Amino acid sequence: MEQWTTSSGYHVHHVLKGRGNAYLVSAGEHHLLVDTGMKSSFRRLGQTLNGLLPKNKTLDFLVLTHTHYDHCQNAARIQGKENCQVVLGQAESTYAQKGYAPLPRGTSLMPRLLTGIGNLMGKGAFGYAPFEPDIVIDDDYDLMGGLANVRLITTPGHSPGSISLLVDDEVAVVGDAAFGIFRNTIFPPFADNTHRLIQSWIKLLETPCHTFLPGHGGPISREMLEKEYHRHSKK
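Bear in mind the structure is a predicted one, so any value in this text is a computation, not a measurement.

Undergrad: Even after reading the chapter, I still don't get helix H5 (residues 109-121), so can you show me in this structure?
TA: Structurally, the α-helix is built with 3.6 residues per turn, so residues lying three or four positions apart point the same way. The end-to-end C-alpha distance of H5 is 19 Å, a good match for the 18 Å that 13 residues give at a rise of 1.5 Å each. Buried residues of H5: Pro111, Thr115 and Gly118, and no others. Burial along H5 is one-sided: seen end-on, the buried residues are contained in an arc of 65 degrees. Summarising the geometry of H5, the exposed residues directed more than 90 degrees from the buried face are Leu109, Met110, Ile117 and Leu120.

So, in structure tokens, the structure goes:
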């Protein structure tokens, strides 16, 4: 299992990979989960968390980078099991309450076709159990208490209410603001607003973070994000 440790001792564990990533951020006895993956991964995710969380300890927060099905199909179950506070972007709250977020637009021809077919299939194929967020943010937000070195920032583009999580201003968990699947690009194949996406890349680059953890694929270096920003900002 991959793990990143910041200078002040925060640990970021890569607890779920495959169709979608999930990360556990730990600071002493305090823990938060970022995204939950699909319902088919619930058992695997639960087993991994049980192995990492101290006995009789539960999550403080569940942070959702956005509310597409592959990131939050287990959110309602985790909220009930862990009794944690669910945090998401304001523009995502209605989707959470409905249990369905439309798929984002494709950024090239084939993804556009896939999105069109997917949205015709609708909630029956890409829905999830509805849940009620506890904290809804529409601006940058600092977590308090034992996770005070965690900061949330709005990074829309892939979806209207996408957010990213900064740990110690060293490691950023960015959801689908970037993809770590492809060899030569981090540009998402799906995004509702590519202009806002590039603006979110600027916002991420304005932080001191050196490692960016995406919702799909492997870690992205600052150098790669800078290179991709300069390439796509000229289009």
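Undergrad: Looking at this structure, how should I read the sheet that holds strand S8 (residues 141-142)?
TA: Strand pairing in a sheet relies on backbone hydrogen bonds. The paired strands run either parallel or antiparallel. The strand order S8-S9-S10-S11-S12-S13 describes an open sheet built from six strands, whose pairing is mixed. Looking at which strands have only one partner, the edges of the open sheet turn out to be S8 and strand S13 (220-221). Of the pairings in the sheet, the one linking S8 to strand S9 (residues 150-154) comprises two bridges and is antiparallel in character. Paired with aspartate 142 across the two strands is arginine 151, which belongs to S9.

Undergrad: For this particular structure, what's the right way to read the state of the cysteines?
TA: As used here, a disulfide is simply a covalent bond connecting the sulfur atoms of two cysteines. Tallied over the full model, the rule gives zero disulfides. Cysteine 84 provides the cysteine sulfur closest to cysteine 72, a residue in no disulfide bond, and the two sulfurs are 13 Å apart. Here cysteine 72 falls in the buried class, since its relative accessible area comes to 0%.

So, how was this worked out
- Residues numbered from 1 in each chain as written.
- Predicted model: local features only at pLDDT ≥ 70, side-chain atom pairs only at ≥ 80, totals over all residues.
- Heavy atoms only, no water.
- Helix = DSSP H or I, 4+ residues; strand = E, 2+ residues; numbered from the N terminus.
- Expected span 1.5 Å × (residues − 1).
- Buried < 20%, exposed > 50% of the residue type's maximum accessible area, 1.4 Å probe, protein only.
- Arc of directions from axis to C-beta.
- Pairing = 2+ DSSP bridges.
- Disulfide = S-S within 2.5 Å.

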